[in-house]
Amino acid sequence: MDIGIIADTLNSPSTGVGNYTKNLIDGLQHTALGTDTVSLINSREFDAGHFPTIVIPNPFPVLKTYAWYLYLTKKLRKCNLDVIHNPTQAPTYFQWNQKYVLTVHDITTQVLPESHTNYRVAVYKRLFPKTLKTADKIIAVSNHTKLDLIKYYCIPEDSIRVIYEAADSMFRPLSLNEKEMVAKRYQLNFPYILYVGTLEPRKNILILIKAFEMFKEANIDRKLVITGKRGWKCDDIFEYVAAKGLQKDVIFTGYVPNTDLPGLYNSADLLAYPSQYEGFGLPPLEAMACGCPVITSNTSSLPEVVGDAGILIDPHSPKSLADAMLWLLNDDSTRKGFVRKGLERSKQFSWKKCAEETMQVFREVQGARR
């Protein structure tokens, strides 16, 4: 079986979907492939490790991603591939000559359209339903995403396989020296509460900042460190911080490369992640793997990922989040208990397992009739 994996997300600084693609490919490099082969499909040459690259140049520099994905279905028709895997969920719309596997991370364009540009929502509204129907198998990264696919797009349950993501192996407890190196790099020489993720409406960062204001009323000396690149509609976050005079207490690091994130998690007192909706939600899992206790939302897939190893709160209630932060930082035995449970919980997820289960999906669709 010859497998092609669309890997254009590796061209940009890694975020959620890019991390998934990279870690899946790394996992496949350490999976017994037998006589099966894997090629990576990209719009340009790049370092693909052990796997060869099929380069399909992007002739749409203005339209960029979406047009290129539609273009792929035509350009790859004559390629000697049996299965194509799209790990990004970008719409492809047209029927493939090969068997087609699609990973769906979330359906926020359907559930929370206000958290995306009008252009993105329009593209997904027009192209995504047909894309789902052209897939021979859909991989959902959580049971919640699977249920959303069934609810909103009427996808048959047996067409969906749930395969969990995982934290990269670099997310682990670090030595004091390793932690101090990263903290010094970002000038974080103070105790802090951490948020990791893109700055966009559905991540509820304004709720987090308001909860932090309530938390500060207890006179506990902590800063709030917000790590992530600017996303859609994030100006109000900075405007709020300025209006409230919080610039010395709320620290924005901007985008942080993955290699520095373990140090930030390790040095944090806790991760606060009150997102409204996540298809999986890697930051809580990464934090737990580093021994950082987690407070996150009781919605979407987040309880599925965290289990009883973190504190679940109403993401619309700043007070619930503030109370949880105070509880963790005022009760050392409770905090240590969540650290221990988080470390154990994180071990239940692995990229090796994800890669092996994904290979099994490839073999199933390759052997099935269309």
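Residues numbered from 1 in each chain as written. Predicted model: local features only at pLDDT ≥ 70, side-chain atom pairs only at ≥ 80, totals over all residues. Heavy atoms only, no water.

K.L.:
Any details on unusual backbone geometry? Residues and values, ideally.
P.N.:
For Gln89, which is not a glycine, the phi torsion comes out positive at approximately 65°. Residue placement: Gln89 occurs in the loop between strand 4 (83-86) and strand 5 (99-104). On the basis of relative accessibility, which here comes to 5%, the residue Gln89 falls in the buried class. In this model, Gln187 sits at a positive phi of 55°, which is unusual for a non-glycine residue. Assignment of secondary structure puts Gln187 in the loop between helix 6 (176-185) and strand 8 (192-196). Taking the relative accessible area as the measure of exposure, Gln187 reaches 65% and is therefore exposed. (Helix = DSSP H or I, 4+ residues; strand = E, 2+ residues; numbered from the N terminus. Buried < 20%, exposed > 50% of the residue type's maximum accessible area, 1.4 Å probe, protein only.)

K.L.:
Kindly report on the sheet that holds strand 12 (residues 294-297), identifying the contributing residues and their values.
P.N.:
Spatially, the six strands line up as an open sheet ordered 10-9-8-11-12-13, and their pairing is parallel. Looking at the sheet topology across the chains shown, the edges are occupied by strand 10 (250-254) and strand 13 (311-313). Neighbouring strand axes in the sheet, compared pairwise and without regard to direction, differ in orientation by 25° on average. Relative to strand 10, strand 9 (residues 223-227) runs parallel, the two sharing four bridges. (Pairing = 2+ DSSP bridges. Axes fitted to C-alpha atoms, helices over the stretch in contact; angles between N-to-C directions.)

K.L.:
With reference to specific residues and values, describe the sheet that holds strand 7 (residues 160-162).
P.N.:
The strand order 3-2-1-4-5-6-7 describes an open sheet built from seven strands, whose pairing is parallel. Every other strand in the sheet has two partners, leaving strand 3 (53-55) and strand 7 as the edge strands with one partner each. Across the sheet, the mean angle separating the axes of adjacent strands is 25° when strand polarity is ignored. The strands touched by helix 4 (residues 118-134) within the sheet are strand 5 and strand 6 (137-140), with strand 5 carrying the most contacts at an inclination of about 130°. (Contact = heavy atoms within 4.5 Å.)

K.L.:
Can you lay out the packing of aromatic side chains for me, pointing to particular residues and giving the numbers?
P.N.:
Each aromatic ring pair is characterised by the separation of its centres together with the angle its planes make. Per the stated rule, a full pass over the model turns up 18 aromatic pairs. Residues Tyr93 and Phe94 carry aromatic rings whose centres are separated by 5.1 Å and whose planes lie at 90° to one another, so their mutual orientation is edge-to-face. Using a relative accessible area of 17% as the deciding quantity, one classes Tyr93 as buried. Arranged with centres 6.1 Å apart and planes meeting at 20°, the rings of Phe212 and Phe215 form a pair that is stacked. You can see Phe212 and its partner Phe215 sitting in helix 7 (residues 205-216), three residues apart, about one turn around the helix. (Phe/Tyr/Trp six-rings, centres within 6.5 Å; stacked < 30°, edge-to-face > 60°.)

K.L.:
Run through the pairing of strand 1 (residues 2-6), naming residues and quoting values.
P.N.:
Taken across its five residues, strand 1 has four buried, putting it largely inside the fold. Direction of pairing for strand 1 relative to strand 4: parallel, over a ladder of three bridges. Of the residues in strand 4, the one forming a bridge with Gly4 is Ile84.

K.L.:
Explain the side chain of Ser275 to me, and be specific about the residues and the numbers.
P.N.:
Counting through the fold element by element, Ser275 comes out in the loop between strand 11 (270-273) and helix 10 (282-289). Within polar-contact distance, the side chain of Ser275 engages the backbone oxygen of Tyr277 at 3.2 Å. Ser275 has contacts with Arg202, Lys203, Ser297, Thr299, Leu302 and Pro315, leaving out every residue within four places of it along the chain. (Polar contact = N/O pair within 3.5 Å; in protein donor to acceptor, adjacent residues only side chain to side chain.)

K.L.:
With reference to specific residues and values, describe a positive patch on the surface.
P.N.:
Among the surface-exposed residues, Lys74, Lys75, Arg77 and Lys78 lie close enough to one another that they form a single positively charged patch. With respect to the helices, strands and loops of the structure, Lys74 is situated in helix 2 (residues 65-75). The class for Lys74 is exposed, based on a relative accessible area of 58%. (Patch = residues over 30% accessible without salt bridge, like charges linked within 9 Å, V, L, I, M, F, W, Y side chains within 5 Å. Areas by Shrake-Rupley, 256 points an atom, 1.4 Å probe, with all protein chains shown as cover. Salt bridge = Lys/Arg side-chain N within 4 Å of Asp/Glu carboxyl O. Lys, Arg positive; Asp, Glu negative; His and termini not counted. Charge placed at Lys NZ, Arg CZ, Asp CG, Glu CD.)

K.L.:
So what's going on with the environment of Arg185? Which residues, and what values?
P.N.:
With respect to the helices and strands, the residue Arg185 is situated in helix 6. Arg185 sits 62 residues away from Val123 along the chain, and the two C-alpha atoms are 40 Å apart.

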